[in-house]
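Report on the structure
In case you want the letters, here they are:
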Amino acid sequence: MDKKKPKKVFVDGAIPPEKIATSIANHQSKTNIGAHSIFLGQIRADEIDGKTVSAIEYSAYEEMAESIFHEIREAAFSKFDITCAHIYHSLGEVKTGELCLFVFTSSAHRKIAIEACNYFVEEIKANVPIFGKEIFEDETHQWKVNK
Amino acid sequence: MDKKKPKKVFVDGAIPPEKIATSIANHQSKTNIGAHSIFLGQIRADEIDGKTVSAIEYSAYEEMAESIFHEIREAAFSKFDITCAHIYHSLGEVKTGELCLFVFTSSAHRKIAIEACNYFVEEIKANVPIFGKEIFEDETHQWKVNK
Amino acid sequence: MKVNVKYFGAIAESAGKSEEVLDLEKGSSVKDLKNQQIKKYQIQDADSIQIAVNQDLKNEVELKDGDEVAFLPPFAGG
Amino acid sequence: MKVNVKYFGAIAESAGKSEEVLDLEKGSSVKDLKNQQIKKYQIQDADSIQIAVNQDLKNEVELKDGDEVAFLPPFAGG
């Protein structure tokens, strides 16, 4: 399937909701699919020490990140009987309420699609060199750390 | 939040991908949300005894189904710290490749959104009186049973 | 007493109808009605059928006048 | 020998740069370079920093001429 094509994961700025609709529509010709699982990361207006986050500015060690994304894909396709998988992550500024991560997995059966989607999300959080600068409303910032 | 409003779950025919984009866009003002989990059911062109499914025609015991959907929502909101949850299910004919189920949960944190989404999907499959007539390309049919 | 009976999916197909009002003897049970209709319409896979009385699957009780009794084949949502 | 050093996130901020070419003695280890730069730029939370050599986090080896050494703060993707 589209397993072998090298895929571009990073997108500039927020991921528009329309991109999700387009991705879904693109899979309606694949009639061996019975289930899609989608995960979306959205920027929260967290309050930290009395200051409110207004955006996160993402940066990455891009070459390494793309190669780790590729390894995660390969591992996912060997672990799970999925038909396709798509990942998009923002670089640059993403405002609160906007989307920074879009993971989309498809399979004949729901459990496989769901497990694969979770696998991608956890692997991305743990292993991809992406960095996030939390920008507060007063234009100060702090560096985000995944828990 | 929108927990208490009675919600209409059933939609006529297939769920268009644009509906998913619209639902996502409607949540961008809720800046306490950090994660969305979405499940989509799509009609497979299964081959059964040499015949290929071309559509499923859904029917339901509608009044009871809507009340069970409501109970599932109530249970989910008490079990999981979710911000919102939306469910849409098709009635009538849905062709292969089209979407028949859209579950959408949101939370501050990813694990909660994902667990709640899975909960909805399993509960819907197990407990809602919806019936599916698998229509084959030769216009014969059989009745679908959830596994 | 009268009960309103509803049939769904494969059962409606076997019965050739989706709804009917039946006149039952006072004291009839859900089980009596189920067995009677299964026989009458030669409904297959009787063990897989669930009965909802007034939209409730938990019922091993006597029927009352005006009850809505639904014959439900296996669920297939999602 | 020359190595190409890259800094990311909070580390780039401390260093005031995102990249530099350093001239090291032959036989320098990853650990030597890490300690030297942390001291030089007063980089905080040294324990949380991972080093990738040629995009590989598994490295306890001697550096070679031309290596790309990246200083990575905690990941925050997703």
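As a convention, each chain's residues are numbered from 1 in the sequence order in which they are written. All chains are assigned letters beginning with A, and all ligands numbers beginning with 1, in the order in which they are written. Where local features are concerned, this predicted model is filtered to residues with pLDDT of at least 70; where side-chain atom pairs are given and counted, the filter is 80 or more; whole-chain, interface and lining totals use all residues. The basis for the side-chain values is all heavy atoms of the structure; hydrogens and waters are excluded.

The line we're drawing: UniProt positions are given in the numbering used here, feature names are shortened, and annotations may be inferred rather than shown by experiment.
Under an unreviewed UniProt entry, chain C has the name Molybdopterin synthase sulfur carrier subunit and belongs to Gillisia mitskevichiae. The heading Sequence similarities (unreviewed entry) in the UniProt record of chain C holds the text "Belongs to the MoaD family."

For chain A, an unreviewed UniProt entry supplies the name Molybdopterin synthase catalytic subunit and the organism Gillisia mitskevichiae. Comment text from UniProt for chain A, heading Subunit (unreviewed entry), reads "Heterotetramer of 2 MoaD subunits and 2 MoaE subunits. Also stable as homodimer. The enzyme changes between these two forms during catalysis."

**Quick word on the sheet that holds strand 4 (residues 68-72) of chain C**
Residue and element names in this part refer to chain C. The criterion, for reference: The rule for pairing is simple: two strands pair if DSSP sees at least two bridges between them. Helix numbers and strand numbers start at the N terminus; a helix is a DSSP run of H or I with at least 4 residues, a strand a run of E with at least 2. Under this scheme, a helix contributes an axis fitted over its contacting stretch, all axes are lines through C-alpha atoms, and angles between N-to-C directions fall in the 0 to 180 degree range.
The strand order 2-1-4-3 describes an open sheet built from four strands, whose pairing is mixed. A single partner strand is all that each edge strand has here, and the edge strands are strand 2 (19-23) and strand 3 (50-53). Here the average twist between neighbouring strands, direction ignored, is 25 degrees. Of the pairings in the sheet, the one linking strand 3 to strand 4 comprises four bridges and is antiparallel in character. Residue pairing across strands places Gln50 opposite Leu72, the latter belonging to strand 4.

**Focus: the pattern of salt bridges**
Cut-off, in case you're wondering: By salt bridge we mean one thing: a side-chain nitrogen of Lys or Arg within 4 Å of a carboxyl oxygen of Asp or Glu. Three exposure classes are used, based on accessible area relative to the maximum for each residue type with a 1.4 Å probe and protein chains only: buried under 20%, partly exposed in between, and exposed over 50%.
Applying the stated criterion across every chain, the model contains 18 salt bridges over all chains. We note a salt bridge from A:Arg110 to B:Glu122, for which the minimum N-O separation is 2.8 Å. With A:Arg110 in helix 3 (residues 110-127) and B:Glu122 in helix 3 (residues 110-127), this residue pair bridges two chains. Under the relative-accessibility criterion, A:Arg110 is labelled buried at 16%. The salt bridge partner of B:Lys51 is B:Asp138, with a shortest N-O separation of 3.9 Å. One end of the pair, B:Lys51, is in strand 4 (residues 51-60); the other, B:Asp138, is in the loop between strand 7 (130-136) and strand 8 (141-143), and 87 residues separate them in sequence. Judged by its relative accessible area of 28%, B:Lys51 is partly exposed.

**Observations concerning the arrangement of the chains**
Rules: Two residues qualify as a contact provided that any one of their heavy atoms is within 4.5 Å of a heavy atom in the partner residue.
Taken together, the three pairs of chains in contact show their highest number of contacts between chains A and B. Considering only C-alpha positions, the minimal separation of the non-contacting chain A and chain C is 9 Å. Looking at chain C next to chain D, you find no contact at all, with the nearest C-alpha pair sitting 28 Å apart.

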